[in-house]
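Here are the chains, one letter per residue:
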Amino acid sequence: MRKRSENIRDKLLPAGAFALILLIWWALSASGIIPGFMLPSPWDMISALFRDFPNLMTHAWVSIQEAVYGLLIGVLLAFGLACAMDRFGMLEKAVLPLLVVTQTIPTIAIAPLLVLWMGFGMAPKITLVVITTFFPVAVGLLDGFKSVDPDAVALLRSMNATRWQIFRHVKIPASLPFFFSGLRVSASYAVVGAVISEWLGGFEGLGVYMTRVRKAYAFDKMFAVILLIVIVSLLLMKLVNVIKTAAMPWLKYRKETDGTQRKTV
Amino acid sequence: MELLRTENISKSYSGRMILRDISMHLEKGELVSLLGLSGSGKTTLLNILSGLIRPDTGSVYLSGAEITGQPGHISYMLQKDLLLEHKRVIDNVALPLIIRGMKKEEARKRAEPCFRDFDLEGTQTLYPSQLSGGMRQRAALLRTYLGSQGVILLDEPFSALDMITREQLHAWYLDIMSRMGFSTVLITHDVDEAIQLSDRIYLLTGSPGEIHHEIRVDCPRNTRQDFNLLPEFAAYKRQIRDILQEAMRTSNAAG
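Residues numbered from 1 in each chain as written. Chains lettered and ligands numbered in written order. Predicted model: local features only at pLDDT ≥ 70, side-chain atom pairs only at ≥ 80, totals over all residues. Heavy atoms only, no water.

Undergrad: What should I look at first to understand the overall build of chain A in this one?
TA: Check the secondary structure of chain A and you find 11 helices and zero strands. Ordered by position in the sequence, the α and β elements of chain A form the string α-α-α-α-α-α-α-α-α-α-α. Its C-alpha atoms give chain A a radius of gyration of 23 Å, clearly above 18 Å, the size a compact globule of 265 residues would have. Projected onto the principal axes, the alpha-carbon positions of chain A cover approximately 70 × 60 × 30 Å. Here chain A holds 265 residues, and 40% of them are scored as buried. Across chain A, contacts joining residues at least 24 apart in sequence account for 73% of those joining residues at least 6 apart. Counting only carbon and sulfur atoms, one obtains 71% of the accessible surface of chain A, whose full area is about 15,200 Å². Of the side chains in chain A, 26 bear a positive and 15 a negative charge, and the two mean positions are spaced by 5 Å. (Helix = DSSP H or I, 4+ residues; strand = E, 2+ residues; numbered from the N terminus. Rg over C-alpha atoms; globule rule 2.2 N^0.38 Å. Buried < 20%, exposed > 50% of the residue type's maximum accessible area, 1.4 Å probe, protein only. Contact = heavy atoms within 4.5 Å. Areas by Shrake-Rupley, 256 points an atom, 1.4 Å probe, with all protein chains shown as cover. Lys, Arg positive; Asp, Glu negative; His and termini not counted. Charge placed at Lys NZ, Arg CZ, Asp CG, Glu CD.)

As structure tokens, then:
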């Protein structure tokens, strides 16, 4: 009963904070303290979203494709590199500092270069998403591989397990929580990365649409795009959580039994 | 019948000798303890017996065949049960068979009948986090048994359990050992546990660790339950304590 009321409280608190922000926002725009053309009211934003819904969906579909393709390629590359770095310590020492340096370069600075090199199609957008999503997954996986209990590895070695068997039965499962934490961060970066790269040039996508409405001073539409980007990012993160729950069913049981085991042998 | 034998095993790390001339043997169906104080090289010996590391000199034989430095012949179990949290209990215990190349379904079929013997009936599809401490230890023992070729190596597997659970597991372990017919080398620093369980005790003393004493514990396995309450138990304990104290004095005087 107490746990249930704690759950309700945990859900009500962020909802309350969100409602408060909306209220303040509405009060600021309705009172005219901030002019409507600079800060449209929440209602204006939502009505713009529904008014322009078909058009927004066309652009959103392009951005979602760029984000998902980029994320998938980023995850695959991160997995490959993390495995290689785990296997060859020298490679980790050589490459990891470079990876850290790449993360200090602002995305907005790389995007024009990518457009220059790859044109206005999907390629530079996907590449930028790969660059932004690659790092959290690679570092998460590497940390996961290192988190493995050395005694568990020794136990499998005593069974005469091959390197691949140790990897498959111990290292990969142990790294899954780290992998999904990284993937969740990357999923949120993916949509933003796609939109930023679209700002710098292109024909379709939420970033392109955003640039157009900004130039037309249609700020209600611009806020509608921002809302849509938030929704798409949250959905992508939710999808990651669903995959995580399906991929690690044992976590559910651990939660259920934690602190409740009182059985005697 | 002699099952396991080590001959003159020595091992050094970075110029420091850890073990010197360790020779011991294990008969079929026997439980032999290697009892030593901290720093006497117990873990190193465990790694050598399980084939994880090679000794500098000496050999390990299993049923007459040399297995020095070859993992996969002797299974071991530590104080930590090391059950893999992501695998169901049946897949955890069948893991050594899968590692050997057996198909998953076949390994499960092979492991299945042992669940009753190890008092684990009904836990096959559970995850380790759903088991109590004692059940986890038994599941780990079953995994060790399935991976063994008649010899199990235990490294203080019961030391993390409470007294009642530990005593129950001691009795259960001796019973299952007799029923399943395997042999055990127990590596421990716990004098009571060594006397309670062992047929023979090798005392690993000094630094580097050496075996100078072997003590035979004369008590039938079926009367071990209350052995620790008898004067004979106290006599063994006194004898071992005196030897260990003397070894420590000699070691301190030399060091």
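There is more to say, and it comes next.
Undergrad: It is not clear to me how the sheet that holds strand 5 (residues 65-66) of chain B should be interpreted in this structure. Could you clarify?
TA: Two strands in a sheet stick together by hydrogen bonds in their backbones, pointing the same way (parallel) or opposite ways (antiparallel). Residue and element names in this part refer to chain B. Across the sheet, which stays open at both edges, the four strands sit in the order 2-1-4-5 with antiparallel pairing between neighbours. In the strand order of this sheet, the two ends are held by strand 2 (16-27) and strand 5, each with one partner. As judged from the eight bridges shared by strand 1 (residues 2-13) and strand 2, these two strands associate in the antiparallel manner. Within the sheet, the bridge partner assigned to S12 lies in strand 2 and is M17. Packing of helix 1 (residues 42-49) onto the sheet brings it into contact with strand 1, strand 2 and strand 4 (57-62), and relative to strand 1 it is tilted by some 125 degrees. (Pairing = 2+ DSSP bridges. Axes fitted to C-alpha atoms, helices over the stretch in contact; angles between N-to-C directions.)

Undergrad: Looking at this structure, I do not really get the interface of chain A and chain B. What am I missing?
TA: Counting residues at the interface gives 23 residues for chain A and 28 residues for chain B. Across the chain A to chain B interface the summed buried area is about 2,500 Å²; carbon plus sulfur atoms make up 62%. Taken together, the links from chain A to chain B amount to two salt bridges. Residues K80(B) and D151(A) are paired through a salt bridge, measuring 2.7 Å at the closest nitrogen-oxygen approach. (Buried area = accessible area lost by both parts, 1.4 Å probe. Salt bridge = Lys/Arg side-chain N within 4 Å of Asp/Glu carboxyl O.)

Undergrad: How do you make sense of empty space enclosed by the protein when you look at a structure like this?
TA: In this approach a probe as big as a water molecule rolls over the atoms, and the regions it shows empty are the leftover space. In the structure shown here, the tally under the stated rule is one cavity of 30 Å³ or more. Each pocket or cavity is described by its volume, and for the largest cavity that value is around 110 Å³. In terms of lining residues, the largest cavity is bounded by 13 residues, among which S158(A), M159(A), S75(B), P96(B) and G147(B) are the most central. Counting only elements with at least two residues in the lining of the largest cavity, the list comes to helix 7 (150-158) of chain A together with strand 6 (75-77) and helix 6 (133-147) of chain B. No other element matches the three residues that helix 6 of chain B contributes to the lining of the largest cavity. (1 Å grid on protein atoms, 1.4 Å probe; cavity = no way out; pocket = protein on both sides within 12 Å on 5 of 7 lines; lining within 4 Å. Points joined across faces, edges and corners; volume = space filled by probe spheres on them.)

Undergrad: Quick question: what am I supposed to make of unusual backbone geometry here?
TA: Apart from glycine, the bulk of residues carry a negative phi angle, and the bulk of peptide bonds sit in the trans form. Along the chain, S207(B) connects to P208(B) via a cis peptide bond; the corresponding omega equals 10 degrees. With respect to the helices and strands, the residue P208(B) is situated in the loop between strand 9 (200-205) and strand 10 (210-216). In this structure, Y217(A) takes a positive phi of about 55 degrees despite not being glycine. The residue Y217(A) is located in the loop between helix 9 (206-215) and helix 10 (219-247) in this model. In the Ramachandran plot, D21(B) falls in the positive-phi region, its phi being about 50 degrees despite a non-glycine side chain. Examined against the element boundaries, D21(B) turns out to sit in strand 2.

Undergrad: Would you explain the sheet that holds strand 3 (residues 31-36) of chain B in this entry?
TA: Residues and elements named next belong to chain B. With respect to topology, six strands assemble into an open sheet ordered 6-7-8-3-9-10, the strand pairing being mixed. Single-partner strands in this sheet number two, and they are strand 6 and strand 10. On average, each strand axis in the sheet is inclined to that of its neighbour by 20 degrees, with strand direction left out of account. Relative to strand 7 (residues 151-155), strand 6 runs parallel, the two sharing three bridges. Residue pairing in the sheet places M77 in a bridge with L154 of strand 7. In the packing of helix 6 onto the sheet, contacts are made with strand 6 and strand 7, and the angle to strand 6 comes to roughly 165 degrees.

Undergrad: I tried to follow a nonpolar patch on the surface on my own but got confused; where do I start?
TA: On the surface, L20(A), L23(A), I24(A) and W26(A) cluster together into a nonpolar patch covering about 430 Å² of accessible area. You can call W26(A) partly exposed: its relative accessible area is 48%. (Patch = residues over 30% accessible without salt bridge, like charges linked within 9 Å, V, L, I, M, F, W, Y side chains within 5 Å.)

Any functional reading would require information beyond the geometric quantities listed.
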